[in-house]
Amino acid sequence: MARAGIYKSEVVRARDRLLASGRYPSIDAVREELGNTGSKGTIHRYLKEIEEEEGPATGSRVAVSEAIQDLVGRLASRVNEEAQERVTAAQAQHAEQISQHEQAAAALKAEALSARQQLEQTQRMLVSEKAGHCKANEALSRKTLECTQLTQQVLDLQERLAAEERHRQSLEEKHQHARQALEHFRQSSKEQREQDQRKHEQQMQYLQAELRSVNEVLAGKRQEAVHALQENARLLGDLSRAQSDLHTAQEEVRSLRPLKDALGFAQGRTEALGQRLVEQDAALEQLSTAKDRLQAWGDGLLAEKQQLELALAVARASVAAQENIVASVLDRFVAAATASEAAVKKTEVEAEGEEDGGEEKMPPKTQA
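None of the values given here were measured: they were computed from a predicted structure. (Residues numbered from 1 in each chain as written. Predicted model: local features only at pLDDT ≥ 70, side-chain atom pairs only at ≥ 80, totals over all residues. Heavy atoms only, no water.)

A.B. asks: A description of the overall build of the chain should follow, citing residues and the corresponding values.
C.D. replies: Across its full length, the chain carries seven helices and zero strands. If you list the helices and strands of the chain from N to C, you get α-α-α-α-α-α-α. For the chain, the residues scored as buried account for 26% of the 368 residues in total. Counted over contacts in the chain with a minimum sequence separation of 6, partners at least 24 positions apart contribute 75%. Accessible surface computed for the chain: about 24,400 Å², of which carbon and sulfur atoms make up 53%. (Helix = DSSP H or I, 4+ residues; strand = E, 2+ residues; numbered from the N terminus. Buried < 20%, exposed > 50% of the residue type's maximum accessible area, 1.4 Å probe, protein only. Contact = heavy atoms within 4.5 Å. Areas by Shrake-Rupley, 256 points an atom, 1.4 Å probe, with all protein chains shown as cover.)

Next up, the structure:
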């Protein structure tokens with residue numbers, strides 16, 4: 001029984017049919033006659049056995065042809081076997097490559113699915129962050145309006161302080177005139193005691209009324225100063241809250257930086273996904289630009305806060321200086337009133353001495 005499942009008798013019949021039709025019974029022709037079955041080595045071996053059984057029929061030329069044919073058959077068989085081995089090895093290698101490609105394709109699909117999920121999550125986070133940024137922008141707008149209002153209030157307070165300073169200067173001028181009038185009263189009292197006494201009493205009444213009015217004005221100014229200090233404390237509280245809101249906005253901006261890094265990493269891994277990642281990158285650039293604008297806005301708020309603190313310090317210093325000036329004026333009024341009372345008492349004593357002592361009391365009068 002042959003190796004490829006053919007018999008020697010089948011090879012004999014196929015060889016005879018080829019000879020009868022005038023064709024040369026080569027290995028390929030016999031195999032084709034057998035219906036492309038059987039290995040070429042087996043067919044060659046059967047043909048060789050048949051030729052040996054039949055013996056040489058046509059001299060040396062036929063023997064040489066048969067020897068060449070035998071050699072060709074053997075070479076063809078060897079080539080066929082080697083080709084079969086190479087084909088088998090190539091098929092195995094191809095199957096292994098196909099398996100590797102399938103595994104790589106599965107890994108790429110899994111990676112693409114993971115990247116797509118990560119991208120969707122990143123998009124959701126981005127939408128949430130955009131909403132947060134909108135809220136932060138609204139809060140900053142409100143705080144900017146509040147800072148503008150506070151700045152206007154500080155300007156109003158400075159105008160009021162300037163007006164109070166002008167009023168204080170006017171009071172100082174009045175006090176100067178009062179002191180001059182008092183000095184004139186002292187000089188004129190030496191010449192006309194009775195008339196000057198009446199003028200002195202009228203002047204004292206006027207000064208007392210003026211002193212009462214000044215005390216009332218000073219009390220009102222102190223109340224306004226206390227109110228201004230309370231208003232300044234409230235402004236400081238508002239500034240502290242605005243600064244806290246600004247810090248919160250800056251923290252939100254800084255929290256966007258890890259999101260930007262994560263989005264950049266996802267974009268690097270999913271470049272094959274196409275235009276969607278490009279649009280996502282553009283959105284991220286816009287978000288970075290919005291963050292820069294927000295940072296600049298926060299710096300502006302800090303600068304305005306520093307200006308408000310400086311204006312508040314100036315206002316406090318002005319109020320303190322005004323209080324010192326008012327206290328000095330009060331001290332001067334008290335000293336002037338005390339001196340005036342002493343002069344009145346001295347004048348009364350001199351008048352009594354003139355009435356009782358006559359001409360003997362004149363030298364002390366002249367000395368006075």
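A.B. asks: Explain helix H1 (residues 8-20) residue by residue, including any values.
C.D. replies: Each α-helix winds once per 3.6 residues, and so residues spaced three or four apart point in a common direction. The end-to-end C-alpha distance of H1 is 18 Å, a good match for the 18 Å that 13 residues give at a rise of 1.5 Å each. Buried within H1 are the following residues: Val11, Ala14, Arg15 and Leu18. An end-on view of H1 places all buried positions within 100° of arc, on one side of the element. Buried residues along H1 sit against helix H2 (27-33) and helix H3 (40-54). Gly22 occupies a position one or two residues after H1 and carries a positive phi of about 85°. (Expected span 1.5 Å × (residues − 1). Arc of directions from axis to C-beta.)

A.B. asks: Account for the packing of H1 against H3, naming residues and giving values.
C.D. replies: Interaxial distance between H1 and H3 falls to 10 Å at its minimum, and their mutual angle equals 70°. As summarised for this structure, H1 and H3 are arranged roughly perpendicular, according to the angle between their axes. Contact residues: Lys8, Val11, Val12 and Arg15 in H1; Tyr46, Leu47, Glu49, Ile50, Glu51, Glu53 and Glu54 in H3. Per-class residue counts for the contact of H1 with H3 are five nonpolar, no polar and six charged. (Axes fitted to C-alpha atoms, helices over the stretch in contact; angles between N-to-C directions. Parallel < 35°, antiparallel > 145°, perpendicular 65-115°, else oblique. Nonpolar A, V, L, I, M, F, W, Y, C, P; charged D, E, K, R; others polar.)

A.B. asks: Please set out the confidence of the model for the chain residue by residue, giving values where relevant.
C.D. replies: The predicted model of the chain has a mean per-residue pLDDT of 78, with 84% of residues at 70 or higher. Considering only residues more than four positions removed or in separate chains, one finds that residues 57-63, a stretch of pLDDT under 50, has zero contacts. This stretch, residues 358-368, has a pLDDT under 50; its non-local contacts, to residues over four places away or in other chains, come to seven contacts. (pLDDT = per-residue confidence, 0-100.)

A.B. asks: Now, about the nonpolar core: what can you tell me, with residues and values included?
C.D. replies: Soluble, globular proteins show a tendency: their nonpolar side chains are buried together. The biggest cluster of nonpolar side chains holds 12 residues, and these are Ile6, Val11, Ala14, Leu18, Ile27, Ala29, Val30, Leu34, Ile43, Tyr46, Leu47 and Ile50. Of all elements in the fold, only H1, H2 and H3 reach the threshold of two or more residues within this core. Among the elements that line this core, the one with the most residues is H3, at four residues. Residues contacting Leu34, with those up to four places away along its chain left out, are Ile6, Glu10, Val11, Ala14 and Ile43. (Core = buried A, V, L, I, M, F, W, Y, C linked by side-chain atoms within 4.5 Å.)

A.B. asks: Which residues make up empty space enclosed by the protein, and what are the values?
C.D. replies: For the structure shown, the criterion picks out four cavities of 30 Å³ or more. Empty space within the largest cavity amounts to approximately 100 Å³. As for the largest cavity, its lining consists of 13 residues, of which His167, Arg168, Leu171, Leu218 and Val326 are closest to the centre. For the lining of the largest cavity, the elements supplying multiple residues, two or more each, are helix H4 (59-189), helix H5 (193-269) and helix H6 (275-357). With six residues, H4 is the largest single contributor of residues to the lining of the largest cavity. Here the residues of the lining of the largest cavity are counted per class, giving six nonpolar, three polar and four charged. (1 Å grid on protein atoms, 1.4 Å probe; cavity = no way out; pocket = protein on both sides within 12 Å on 5 of 7 lines; lining within 4 Å. Points joined across faces, edges and corners; volume = space filled by probe spheres on them.)

A.B. asks: Go over H3, please, and point to the residues and values.
C.D. replies: For H3, spanning 15 residues, the distance from its first C-alpha to its last is 21 Å, which sits close to the expected 21 Å at 1.5 Å a residue. Of the positions making up H3, those classed as buried are Gly41, Thr42, Ile43, His44, Tyr46, Leu47 and Ile50.

A.B. asks: So what's going on with the pattern of salt bridges? Residues and values would help.
C.D. replies: For the structure shown, the criterion picks out eight salt bridges. With a shortest N-O distance of 2.6 Å, Glu53 and Lys8 are connected by a salt bridge. A residue pair is termed long-range when its members are at least 10 positions apart, and Glu53 in helix H3 and Lys8 in helix H1 qualify at 45 residues. Relative accessible area serves as the criterion here: at 24%, Lys8 is assigned to the partly exposed category. Between Arg17 and Glu33 there is a salt bridge, with its nearest N and O atoms 2.9 Å apart. Note that Arg17 is positioned in helix H1 and Glu33 in helix H2, a separation of 16 residues in sequence. By relative accessible area, Arg17 is classed as partly exposed at 40%. A residue is classified by how much of its surface remains accessible, and Glu33, at 31% relative accessible area, is partly exposed. (Salt bridge = Lys/Arg side-chain N within 4 Å of Asp/Glu carboxyl O.)

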